[in-house]
Amino acid sequence: MKQLFTTVLLALLTLTVGAQGIAPLDQLKADPRKAYGNDYPYSFSTVRLTKAPKGYKPFYISHYARHGSRYYWTDQLYKDLDTLLAAAHQRHLLTAEGEAFHDKFMAAKKELMTGVSELSQLGWEQHQGIARTMYNNFPEVFKRGGNVLAISSLSGRCVLSMSAFCQELVQCNPKIEIREQSSRFTLDGVVPTDRQNPVKHRYPRVKPRYEKNKSQFSGDPSLRQKVVDRVFTSTEGLPSKPHRIASDLINLYTTLPSIGHEGMMGHILTDEEIAGQWEESNLGSYSWVFGPQYETIPILEDILKKAEAVINGSSDHKADLRFGHDTCIGPLTVLMGINGADRDPEDPYEVKNCYQNWQTCKACNIQLVFYRSKKGGDILVKCLLNGTEASLPVPTDSYPYYKWNDFRQFYQARCAPPANN
């Protein structure tokens, strides 16, 4: 019965125009790994997109993507677990499950330490798949080839994500000419907060309103102790506190599918247990993406400027591609209010209905697709979040399509942060 429910719900997720139409907790039942949040590996599914109004054809795409799946972003996690497991093994403080984990971790340790922060094979493949899907969804944009500009952060995993995407796009049509750039000159359009950005900004940080009522939310703290007990017979004398140990184990677990080591931790944790803790972790994620939203104003300005140049004929780009980090695309999702991420509810239990941290998964991406009528007239814009049509807080009578003039006017106003913050 459980398998049947999962199958039916997955079918609904595939057929629906937007997954945001299904309650977040129901989405977790269908795919518990979504509870990994920003560690969730990008998921491909067949999505039925809404046909454009009669006479309108896509002609330009503006895009921002996070790098694909990678090893953990810092070596501290691997170092701490190495020290911890070695000490526990030497003192005979590991359970049978803990010993099996110890052996698998030590066998993979050299790979993990070497790979720190680097793009994995899965990360490369994710961007290949996204590029091909973009090409197949909007062949009118690329069928005659043309010029594309791709910019990346200075990080190697972002540069390689860009390379994977661009190579695949050219494989789809060799007539496409792509200029790839990872440079301080273009940081403002992809990672404006980078310390090497020659353009310096000072934007206010803000707190979501739910934080005033956070005490009303009651999570279940029991999982952390269960995880520790499954690995150790005792933690006395070990180099980390139980709470830190549990955090490290959970952080490792959610990263393993991105690097092909899903079985390393055996039965120490399950996806369903992670899903049971998701709502609490999602609150922390919302604070994390909500606070620096105004720091992504330069990215939004870059989107508006380059789109306007294509529309008025001063640019011949078929697409503008950007490859950066979760620290940018997460806050940008809030700034743009994609799928209601800017709603800022006071009730902590309502946060899950306006933002889900799996939206900021590995290789997550925003695609803004521009349409022009054969007869001239208004330009239309459609937003895709991770390949699925998404809503914007811009007035429209033809969702998921928005008039460019309305879109531009609305987001130009968003580029002016509140003066009282």
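Attention in this report is confined to the structure presented alongside it. (Residues numbered from 1 in each chain as written. Predicted model: local features only at pLDDT ≥ 70, side-chain atom pairs only at ≥ 80, totals over all residues. Heavy atoms only, no water.)

A few words now on the side chain of His102. Assignment of secondary structure puts His102 in helix α4 (residues 96-115). Residue classification places His102 among the buried positions, given a relative accessible area of 9%. (Helix = DSSP H or I, 4+ residues; strand = E, 2+ residues; numbered from the N terminus. Buried < 20%, exposed > 50% of the residue type's maximum accessible area, 1.4 Å probe, protein only.)

According to the stated counting rule, one finds 18 aromatic pairs in the structure shown. Taking the centre distance of 4.9 Å and the plane angle of 70° together, the rings of Tyr42 and Phe44 count as edge-to-face. Relative to Phe290, the ring of Tyr286 has its centre 5.4 Å away and its plane inclined at 50°; by these criteria the two rings are tilted. Taken as a pair, Tyr286 and Phe290 lie in helix α11 (residues 278-290) at a separation of 4 residues, close to a single helical turn. We note that Tyr286, like Phe290, is buried. A network of ring pairs unites the aromatic residues Tyr60, Phe370, Trp404, Phe407, Phe410 and Tyr411 as a single cluster. Sitting over the ring of Phe59, Arg372 keeps its end group 3.9 Å from the ring centre. (Phe/Tyr/Trp six-rings, centres within 6.5 Å; stacked < 30°, edge-to-face > 60°. Lys NZ or Arg CZ within 6 Å of the ring centre and 35° of its normal.)

We now examine helix α14 (residues 404-414). The complete set of buried residues in α14 reads Trp404, Phe407 and Tyr411. Each buried residue of α14 sits inside an arc of 60° when the element is viewed along its axis, so together they form one side. Pointing more than 90 degrees away from the buried face of α14 are the exposed residues Gln409 and Ala413. The inward-facing, buried residues of α14 contact α12 (297-311), α13 (326-336), β5 (365-373), β6 (379-385) and β8 (401-403). (Arc of directions from axis to C-beta. Contact = heavy atoms within 4.5 Å.)

Moving on, we get to the layout of surface pockets. Size it by volume and the largest pocket reaches roughly 1,300 Å³. Looking at the largest pocket, it is lined by 46 residues, and the ones nearest its centre are Tyr36, Asn38, Asp39, Asn251 and Ser285. Listing elements by their share of the lining of the largest pocket, those giving two or more residues are α8 (222-231), α9 (242-255), α10 (271-276), α11 and α13. At 6 residues, α11 tops the list of elements feeding residues into the lining of the largest pocket. (1 Å grid on protein atoms, 1.4 Å probe; cavity = no way out; pocket = protein on both sides within 12 Å on 5 of 7 lines; lining within 4 Å. Points joined across faces, edges and corners; volume = space filled by probe spheres on them.)

Another point: the pairing of strand β3 (residues 176-182). On a regular strand, each side chain points to the face opposite its neighbour's, so the side chains alternate between the two faces of the sheet. Of the strand pairs in this sheet, strand β2 (residues 146-152) and β3 are connected by 7 bridges, and their pairing is parallel. Residue Asn147 lies in a different strand from β3, and its bridge partner there is Glu177. Of the crossover connections in this fold, the one passing from β2 over helix α7 (residues 156-172) to the parallel β3 is right-handed. (Pairing = 2+ DSSP bridges. Right-handed = clockwise from strand over helix to strand, strands pointing away.)

Let's shift gears to the nonpolar core. With 121 residues, the main nonpolar core has Phe142, Phe232, Leu252 and Leu321 as its most contacted residues. Leave out the neighbours within four places in its chain, and Leu252 touches Leu77, Tyr78, Leu81, Phe101, Phe105, Met264 and Met265. (Core = buried A, V, L, I, M, F, W, Y, C linked by side-chain atoms within 4.5 Å.)

Because an α-helix completes one turn every 3.6 residues, residues spaced three or four positions apart along the sequence face the same direction. The terminal C-alpha atoms of α12, which comprises 15 residues, lie 21 Å apart, in line with the 21 Å expected from a rise of 1.5 Å per residue. Most of α12 sits inside the fold, with 11 of its 15 residues counted as buried. Along α12, the positions that sit buried rather than exposed are Ile297, Pro298, Ile299, Leu300, Asp302, Ile303, Leu304, Lys306, Ala307, Ala309 and Val310. Taken from the residues just after α12, Gly313 is the one with a positive phi, measuring 90°. (Expected span 1.5 Å × (residues − 1).)

Omega for the peptide link from Tyr399 to Pro400 comes to 10°, which places this bond in the cis form. Here Pro400 shows up in the loop between β7 (388-389) and β8. The phi angle at Asp344 is positive, at roughly 55°, despite the residue not being glycine. In this structure, Asp344 sits in the loop between α13 and β5.

Applying the stated rule across the entire model yields 21 salt bridges. One salt bridge connects Lys352 with Glu279, and the closest N-O pair in it is separated by 3.0 Å. Taken together, the residues span a long stretch of sequence, with Lys352 in the loop between α13 and β5 and Glu279 in helix α11 at a distance of 73 residues. Given a relative accessible area of 13%, Lys352 falls into the buried group. Residue classification places Glu279 among the buried residues on the basis of a relative accessible area of 17%. Here Arg343 and Glu350 are joined by a salt bridge, their closest N and O atoms 2.6 Å apart. The exposure class of Glu350 is partly exposed, given its relative accessible area of 26%. Via salt bridges that share partners, Asp80, Arg244 and Asp248 belong to a single interconnected network. (Salt bridge = Lys/Arg side-chain N within 4 Å of Asp/Glu carboxyl O.)

Remember, this is a structural readout, not a statement about activity or role.
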